[in-house]
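What follows is the residue order along each chain.
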Amino acid sequence: MTAPDDHITEAEDATAEEDGEVTGLPYRDGVGVMLFNASGCVFVARRIDIPSEAWQMPQGGIDPGETPRAAALRELEEEIGTTKAEVMAEGRGWLTYELPHWLVPKVWDGRYRGQRQKWFAMRFTGDDADINIATETPEFLDWKWEDINLLPEIIVPFKRRLYQDIISEFRHLALPRGDVS
C-alpha cells in the first residue's frame, strides 16, 4: 500500500524517540474506547485535522477529578454523539504512545510527548443512526465499523504498537452479540 504525500511515515515516527526535548516531556493522561457493534466489528473514525486516510478509535483526555471510566463515556458522547454503550471490560493497565517530534509543538501546546491511556471495551447498544460525528466540536470526517484485525493497518504509524496491544487485550470480545462468554 502506497502512502500519500501527507501520510506520516515510519521514518518520521522514529525521530520522536531520538529527540531529547520530546522524551523529557510527560505523558498526558487519557482514555480510549474500543466500541464493538453487534457483529463484533470496531468503530473507527477519520480525523478532521489529519489530511490522510488515518482512522482511530474514540479517545481523549481525563478532566481533573474525573475517573477514567467517566472520561471514556464522556469522550464517546463528545466525539461520536452517543451514550448508547455498555462497558464490557477495562484494560489491565495503562498504555502509552509517543507523538512524532514534529507533531509535539502542534498538539496540547507542546506540553506532552504523547498519551498514557486507560482503554475500555464497550458494546454499542444503539443503531447506526444513534452515532452522530457532527458534534458541537467535530473531530471526525467519516466513520465506519471495521474488522478488529485490520485496525493496525489503518491507524497512523505512531499508534500502531498501541493498537496491537489493545487488540491483544480485547480480541476475545470481538464476537457477535450473544457469543461473548
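These lines cover the structure that appears in this document, whether it is placed above or below. (Residues numbered from 1 in each chain as written. Predicted model: local features only at pLDDT ≥ 70, side-chain atom pairs only at ≥ 80, totals over all residues. Heavy atoms only, no water.)

### Some points on the environment of Asp147
Let me state the cut-off plainly: Only DSSP runs of H or I covering at least 4 residues are called helices, and only runs of E covering at least 2 are called strands; the numbering of each starts at the N terminus.
Its place among the elements puts Asp147 in the loop between strand E7 (140–146) and helix H4 (151–154). Asp147 sits 27 residues away from Ala174 along the chain, and the two C-alpha atoms are 8.6 Å apart.

### So, the packing of aromatic side chains
Think of a pair of aromatic rings as described by two things: how far the centres are apart, and how the planes are tilted against each other in angle. Spelled out, the test is: For Phe, Tyr and Trp, where Trp contributes only its six-membered ring, two rings pair if their centres lie within 6.5 Å, and the inter-plane angle classes them as stacked under 30 degrees, edge-to-face over 60, or tilted in between. Partly exposed describes any residue whose relative accessible area lies between the buried limit of under 20% and the exposed limit of over 50%, with all areas from a 1.4 Å probe on protein chains only and scaled to the type maximum. Lysine and arginine charges are scored as sitting over a ring when NZ or CZ, respectively, is within 6 Å of the ring centre and within 35 degrees of the ring normal.
Per the stated rule, a full pass over the model turns up seven aromatic pairs. Ring centres of Tyr97 and Phe158 lie 5.9 Å apart, and the angle between their planes is 40°; this geometry places the pair in the tilted category. Residue Tyr97 is found in strand E5 (residues 85–98), and its partner Phe158 is found in the loop between H4 and helix H5 (160–170); the two are separated by 61 residues along the sequence. For Tyr97, a relative accessible area of 5% translates into the label buried. Aromatic side chains Trp143 and Trp145 sit 5.9 Å apart centroid to centroid with 90° between the ring planes, which places their arrangement in the edge-to-face category. Linked through ring pairs, Phe43, Phe124, Trp143 and Trp145 together constitute an aromatic cluster. Between the NZ or CZ atom of Arg116 and the centre of the ring of Trp94, over which it lies, the distance is 4.0 Å. Over the ring of Trp55 we find Lys144, and its NZ or CZ is 4.4 Å from the ring centre.

### A few points about helix H3 (residues 68–80)
Rule in force here: Between the first and last residue of a helix there are one fewer steps than residues, each counted as 1.5 Å, and that sum is the expected span.
The first and last C-alpha atoms of H3 sit 18 Å apart over 13 residues, in line with the 18 Å expected at 1.5 Å per residue. Where H3 terminates, the next one or two residues include Gly81, which has phi positive at roughly 65°.

### Examining the nonpolar core
Our working definition: Think of a nonpolar core as a cluster: buried Ala, Val, Leu, Ile, Met, Phe, Trp, Tyr and Cys residues, connected wherever their side-chain atoms sit within 4.5 Å. Any two residues whose heavy atoms approach within 4.5 Å at even a single point are treated as in contact.
In terms of nonpolar packing, the biggest core is built from 30 residues, with Met34, Phe36, Met57, Leu151, Ile166 and Phe170 touching the most fellow members. When contributions to this core are tallied by element, the ones reaching two or more residues are strand E1 (27–36), strand E2 (42–47), E5, strand E6 (114–124), H4 and H5. A total of five residues in this core trace back to one element, the largest contributor, which is H5. Aside from chain neighbours lying at most four places away, what touches Met57 is Val33, Met34, Val42, Phe43, Val44, Trp119, Leu151, Tyr163 and Ile166. Listed in part, the 17 residues of the second largest apolar core include Val33, Phe43, Met122 and Ile133.

### Focus on unusual backbone geometry
In this model, Trp108 sits at a positive phi of 55°, which is unusual for a non-glycine residue. Turning to its location among the elements, Trp108 is positioned in the loop between E5 and E6.

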